[in-house]
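Here's the letter readout for the chains.
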Amino acid sequence: MKTRAQLLKGIYIFIFSILLFSCEKDNKFVFSETVISREESKIEYGDKILAFTDLFQSKLEDTTYTLYEGVDMTKVKLLNTNNEPLKVYFVTVNLAYPGITMEAAMPNNQQVFGRQKVRDMITHKNAALSGQEVVVALNGDYWDTSTNGEPLGPVIMNTNVVKPFPSGTYYFLSVLKNNTAEIGNSTLFTALTYQMKETLGGRYLLVSEGLDRSASLNKNIEPRTAVGLLSKSKVVFMVVDGRKVNHSVGISMQDMAKIFMAIGAKTAINLDGGGSSTLVERQTSGDYLTVNQPTDNPERSVANAWTIIRGKN
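Here is what the cut-offs are and how they apply
- Residues numbered from 1 in each chain as written.
- Predicted model: local features only at pLDDT ≥ 70, side-chain atom pairs only at ≥ 80, totals over all residues.
- Heavy atoms only, no water.
- Core = buried A, V, L, I, M, F, W, Y, C linked by side-chain atoms within 4.5 Å.
- Buried < 20%, exposed > 50% of the residue type's maximum accessible area, 1.4 Å probe, protein only.
- Helix = DSSP H or I, 4+ residues; strand = E, 2+ residues; numbered from the N terminus.
- Contact = heavy atoms within 4.5 Å.
- Pairing = 2+ DSSP bridges.
- Axes fitted to C-alpha atoms, helices over the stretch in contact; angles between N-to-C directions.
- Polar contact = N/O pair within 3.5 Å; in protein donor to acceptor, adjacent residues only side chain to side chain.
- Phe/Tyr/Trp six-rings, centres within 6.5 Å; stacked < 30°, edge-to-face > 60°.
- Lys NZ or Arg CZ within 6 Å of the ring centre and 35° of its normal.

Trainee: Help me get a handle on the nonpolar core, residues and values and all.
Mentor: In this structure, Phe-56, Phe-90, Leu-206, Met-238, Ile-259 and Phe-260 are the most contacted members of the largest nonpolar core, which totals 37 residues. Ranked by the residues each element gives to this core, the list is headed by helix 5 (residues 253-263), at six residues. Contacts of Ile-259, omitting those with residues within four sequence positions, involve Ile-49, Leu-55, Phe-56, Phe-90, Met-238 and Ile-251. The next biggest cluster of nonpolar side chains, apart from the first, holds 36 residues, and it includes Met-106, Val-135, Leu-229 and Val-291.

Trainee: Mind laying out the sheet that holds strand 18 (residues 305-311), listing which residues take part and the relevant values?
Mentor: Through backbone hydrogen bonds, the strands of a sheet pair up, either in parallel or in antiparallel fashion. Taken together, five strands build an open sheet; the order of strands is 4-18-5-16-17 and the sheet is antiparallel. Each edge of the sheet is formed by a strand with only one pairing partner; in this case those strands are strand 4 (101-105) and strand 17 (288-290). On average, adjacent strands in this sheet sit at an angle of 25 degrees to one another, irrespective of strand direction. Judged from the seven bridges that link them, strand 5 (residues 132-139) and strand 18 form a sheet pairing that is antiparallel. Residue pairing in the sheet places Asn-139 in a bridge with Ala-305 of strand 18. Contacts from helix 3 (residues 118-128) reach strand 4, strand 5, strand 16 (279-282), strand 17 and strand 18, with the element oriented near 155 degrees to strand 5.

Trainee: Which residues make up the side chain of Glu-133, and what values do they have?
Mentor: Tracing the chain through its elements places Glu-133 in strand 5. Among the polar contacts listed, one links the side chain of Glu-133 to the side chain of Arg-282, at a separation of 3.3 Å.

Trainee: Any details on the sheet that holds strand 8 (residues 171-176)? Residues and values, ideally.
Mentor: Taking strand neighbours across the sheet as the criterion, the five strands line up as 7-6-10-8-9 in an open arrangement whose pairing is antiparallel. The open sheet has two edge strands, strand 7 (160-163) and strand 9 (181-184), and neither has a second partner. Strand-to-strand twist across the sheet, computed as the mean angle between neighbouring axes with direction ignored, equals 25 degrees. Of the pairings in the sheet, the one linking strand 6 (residues 155-157) to strand 7 comprises three bridges and is antiparallel in character. Each residue of the ladder has a partner; that of Val-155, found in strand 7, is Lys-163.

Trainee: Would you mind going over unusual backbone geometry in detail, with residue names and values included?
Mentor: A positive phi angle, near 60 degrees, is found at Asn-108, a position not held by glycine. As for its position among the elements, Asn-108 is in the loop between strand 4 and helix 3. For Asn-109, which is not glycine, the phi torsion reads 55 degrees and is therefore positive. Mapping Asn-109 onto the fold places it in the loop between strand 4 and helix 3.

Trainee: I'd like a rundown of the packing of aromatic side chains, residues and numbers included.
Mentor: For any pair of aromatic rings, the description consists of the separation of the ring centres together with the inter-plane angle of the planes. This model, assessed by the stated rule, comprises five aromatic pairs. Pairing Phe-165 with Phe-189 gives two aromatic rings, centres 5.0 Å apart and planes at 50 degrees, and the pair type is tilted. You can see Phe-165 sitting in the loop between strand 7 and strand 8 and its partner Phe-189 sitting in helix 4 (residues 186-192), a full 24 residues away along the chain. You'll find Phe-165 and Phe-189 in the same group, each marked buried. Its guanidinium or amino end placed over the ring of Tyr-142, Arg-203 lies 5.1 Å from that ring's centre, counting from NZ or CZ.

Right under this line is the structure:
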């Protein structure tokens, strides 16, 4: 008996075949994978993952809700081909939506290296904001465990270069002064430095130009945090729980790359993971809830975080 994932793939192949026939018949344009944009389709992330990867056999949960206008939270639970559960959280941020932006955060909202829990960074960030508030925050870059939390990658806060781009191969996520986002390497960093408002690093490249770049990376199965771009104004963070056999086993960077490509990301990088993976959202009560299940329990103190901010009504 065919699985639901196989049926979905069959449906997409059938649709693509019809489009191909129509294109050839009318001779109006050449058929390619971009005829139907995965980003533009109305399929939920869970369905896209089942349809466009061979990683999972079924979907146990797929819920999406608008946390605030311009910020959506998606929770997907899947059963992989080894009959193991995987819990994945997506935060989709539309920077084109009025009042929505993203800022880097460091301990006590100071431009000084150190470590602090993400929820405590939220408290200090909110105290410094006027007419705005943090609605979601996630852990950021890797950090040097031999120091008191110096991040490995670049840091720019409010246009101030707190730490320059490191030597060697590294990557970054940046929000520019025009409130669009970029992911790239040292070359792009140099070209865009004076346009950057907020920047944090990412150690590993997963996807670029719509292609999987993860083959040479380690294949460890871990809890993870990563970020990708659907467009210059639409950012998708992914947090995956792991090391919890009955809840979520974790994921490799190779499989994260496949998921990003399945949901339509053109570029993506891996952020710090393991016990550092943390996702916190604001409740309507004003309290902050840790959405995922960090393995350190309680949450680990980290070097920096991405905060998603909205203007207060």
